[in-house]
Amino acid sequence: MKRRIFAIGMAVAGALGGAGACSRAPEAGAPQTQAGSDWVTPPQVESIERTGSGLMVRGRAAPGGRVVLRAAGGVAYAVGADANGRFDLQIRSPANDTLFLVETQAGQDAAPAPYRMLVSRDPVGPTALLGGGGPTKRLDRAGPLDVVDSDGHALLASGRATPGTTVQVSVAGREPRPVRVGMDGRWSLMLTNEGAGGAEIVVGGRRYAYPGPAMGSGGNAGAGDGLAMVSNPQGWSVSWPVPPRSRQSSWFPAG
């Protein structure tokens, strides 16, 4: 039986920056070293910009902390945060769809972030922060709907709109449900407990043909222990591992 990720993992939504109808925006300011200890909060990636020379990753960390991005095959990038806790890190465009581990290093200790950074090899493909059990935080530009996450049982839709407004969301012809947009301009909403197949999702009057979760077995895109990402006419379907033995699926509609 598949593990129900969403039911036990929604606490990470705040760390990813997802804003649901009842969630509050994360506090402003750079992550800090906890007083009286050596514990350092992990870095927060805020934006990923594709440039002619690669990608520029920007965010916040403990002032003076060392931010490290790691990918499979020993690929790693590092930069120090400034006195205000800001960092800018230039990386190469990956040749393959890549999940980066994000962490802060303090001496011999490392504080990993509760998410992984997705970078599509497709120049127009998605960049996002993926965290098991919570809404994916998409960073590239999209339409009213950013992403649909699934753990094989439930669907979790997320998007961006004007802060403080209300967005109407429906799935499979059901009555639209309102969701309040957080002050960070993001919203997320659990749509249904029938996440096994495709369905039409309507957000703010715009219709999306959600193809269903990419979480199959055998030769399907969701098989194996690593990242699986495929494009389709409507967008990109991603399946990725959630420790210890689960998988989560994310569908990114084309803008």
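On a predicted model such as this, the values are computed, not experimentally measured, just so you know.

## What about the layout of surface pockets?
1) Next: Size it by volume and the second largest pocket reaches roughly 330 Å³.
2) Next: In terms of lining, the second largest pocket is formed by 20 residues, of which the most central are A71, A72, D97, T98 and L99.
3) Next: In terms of residue count, the dominant contributor to the lining of the second largest pocket is strand β6 (residues 98-106) (4 residues).

## So, the pattern of salt bridges
1) Next: Applying the stated criterion across every chain yields a total of 9 salt bridges.
2) Next: The closest approach of N and O atoms between R58 and E49, which form a salt bridge, is 3.1 Å.
3) Next: On the accessibility criterion, E49 (40% relative accessible area) is partly exposed.
4) Next: Close ionic contact of D88 with R58 constitutes a salt bridge, the shortest N to O distance being 3.5 Å.

## Here we look at the nonpolar core
Here is a general trend for soluble globular proteins: nonpolar side chains tend to be buried in one another's company.
1) Next: Core analysis: the biggest nonpolar cluster contains 21 residues, and V45, V57, L69, F87, I91, F100 and M117 have the highest contact counts within it.
2) Next: Of all elements in the fold, only β1 (44-51), β2 (54-60), β3 (66-70), β5 (86-91), β6 and β7 (109-119) reach the threshold of two or more residues within this core.
3) Next: What I91 contacts, discounting residues up to four positions off in sequence, is S53, G54, L55, V57, L69, Y77, F100 and M117.
4) Next: Formed by 18 residues, the second largest nonpolar core is a distinct cluster that contains V148, L189, Y208 and Y210.

Scoring rules and cut-offs
Residues numbered from 1 in each chain as written. Predicted model: local features only at pLDDT ≥ 70, side-chain atom pairs only at ≥ 80, totals over all residues. Heavy atoms only, no water. 1 Å grid on protein atoms, 1.4 Å probe; cavity = no way out; pocket = protein on both sides within 12 Å on 5 of 7 lines; lining within 4 Å. Points joined across faces, edges and corners; volume = space filled by probe spheres on them. Helix = DSSP H or I, 4+ residues; strand = E, 2+ residues; numbered from the N terminus. Salt bridge = Lys/Arg side-chain N within 4 Å of Asp/Glu carboxyl O. Buried < 20%, exposed > 50% of the residue type's maximum accessible area, 1.4 Å probe, protein only. Core = buried A, V, L, I, M, F, W, Y, C linked by side-chain atoms within 4.5 Å. Contact = heavy atoms within 4.5 Å.

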